Amino acid sequence: MGGEGSMMQMIHTLRNNKSMLNKRKDRRVVNISISGKKLEFHNTSTEKDLLKIRLRLQKERKQKQVKTILVFCVFMFVLISVFIYFH
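Here the structure is a predicted model, which is why all the values come from computation and not from measurement.

Engineer: Lay out the overall build of the protein with the relevant residues and their values.
Structural biologist: Secondary structure assignment for the protein yields three helices and zero strands. Reading the protein from its N end, one meets helices and strands in the order α-α-α. Burial analysis of the protein (87 residues in total) assigns 0% to the buried set. Total accessible area on the protein is roughly 9,400 Å²; 65% of this is exposed by carbon and sulfur atoms.

The structure is reproduced here in structure tokens:
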């Protein structure tokens, strides 16, 4: 029967993929430091800082959206021009 080589390759690939997965124990230790104490992060930002960050992110998002729309419009203009020219 043919196909034994491809089936062995599939089994070998699945075995390698399974061995690359993280162990559950490794995923569970994310919030523990080397000394064994739980890591804690204190929120030191003020409302003013959060507002600045929010406004900056909104501005960046708006700029990215404008660039995307501009590139799309230029692409559509070129596409329609080529279509009209060759039609």
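Engineer: Provide a residue-level description of the pattern of salt bridges, including the pertinent values.
Structural biologist: The full count for this structure, using the stated rule, is one salt bridge. Close ionic contact of R56 with E60 constitutes a salt bridge, the shortest N to O distance being 3.6 Å. Residue R56 and its partner E60 are both found in helix α3 (residues 47-86); the two are separated by four residues, about one turn of the helix.

Engineer: Quick rundown of the packing of aromatic side chains? Include the residues and the values.
Structural biologist: Here the structure, examined in full by the defined rule, presents one aromatic pair. Residues Y85 and F86 carry aromatic rings whose centres are separated by 5.0 Å and whose planes lie at 80 degrees to one another, so their mutual orientation is edge-to-face. Among the residues examined, Y85 registers a relative accessible area of 67% and is labelled exposed. Residue classification places F86 among the exposed residues on the basis of a relative accessible area of 65%.

Engineer: Explain the confidence of the model for the protein to me, using residue names and the numbers behind them.
Structural biologist: In this model, the protein carries a mean pLDDT of 82, and residues with pLDDT of at least 70 account for 77%. The spread of mean pLDDT over the elements of the protein runs between helix α2 (residues 24-28), the lowest at 55, and α3, the highest at 96.

Engineer: Give a detailed account of a nonpolar patch on the surface, specifying residues and quantitative values.
Structural biologist: Side chains of L70, V74, F77, V78, V82, Y85 and F86 sit close together on the surface and give an oily, nonpolar patch of about 820 Å² of accessible area. Considering the arrangement of structural elements, one finds V78 in helix α3.

Calculation rules
- Residues numbered from 1 in each chain as written.
- Predicted model: local features only at pLDDT ≥ 70, side-chain atom pairs only at ≥ 80, totals over all residues.
- Heavy atoms only, no water.
- Helix = DSSP H or I, 4+ residues; strand = E, 2+ residues; numbered from the N terminus.
- Buried < 20%, exposed > 50% of the residue type's maximum accessible area, 1.4 Å probe, protein only.
- Areas by Shrake-Rupley, 256 points an atom, 1.4 Å probe, with all protein chains shown as cover.
- Salt bridge = Lys/Arg side-chain N within 4 Å of Asp/Glu carboxyl O.
- Phe/Tyr/Trp six-rings, centres within 6.5 Å; stacked < 30°, edge-to-face > 60°.
- pLDDT = per-residue confidence, 0-100.
- Patch = residues over 30% accessible without salt bridge, like charges linked within 9 Å, V, L, I, M, F, W, Y side chains within 5 Å.

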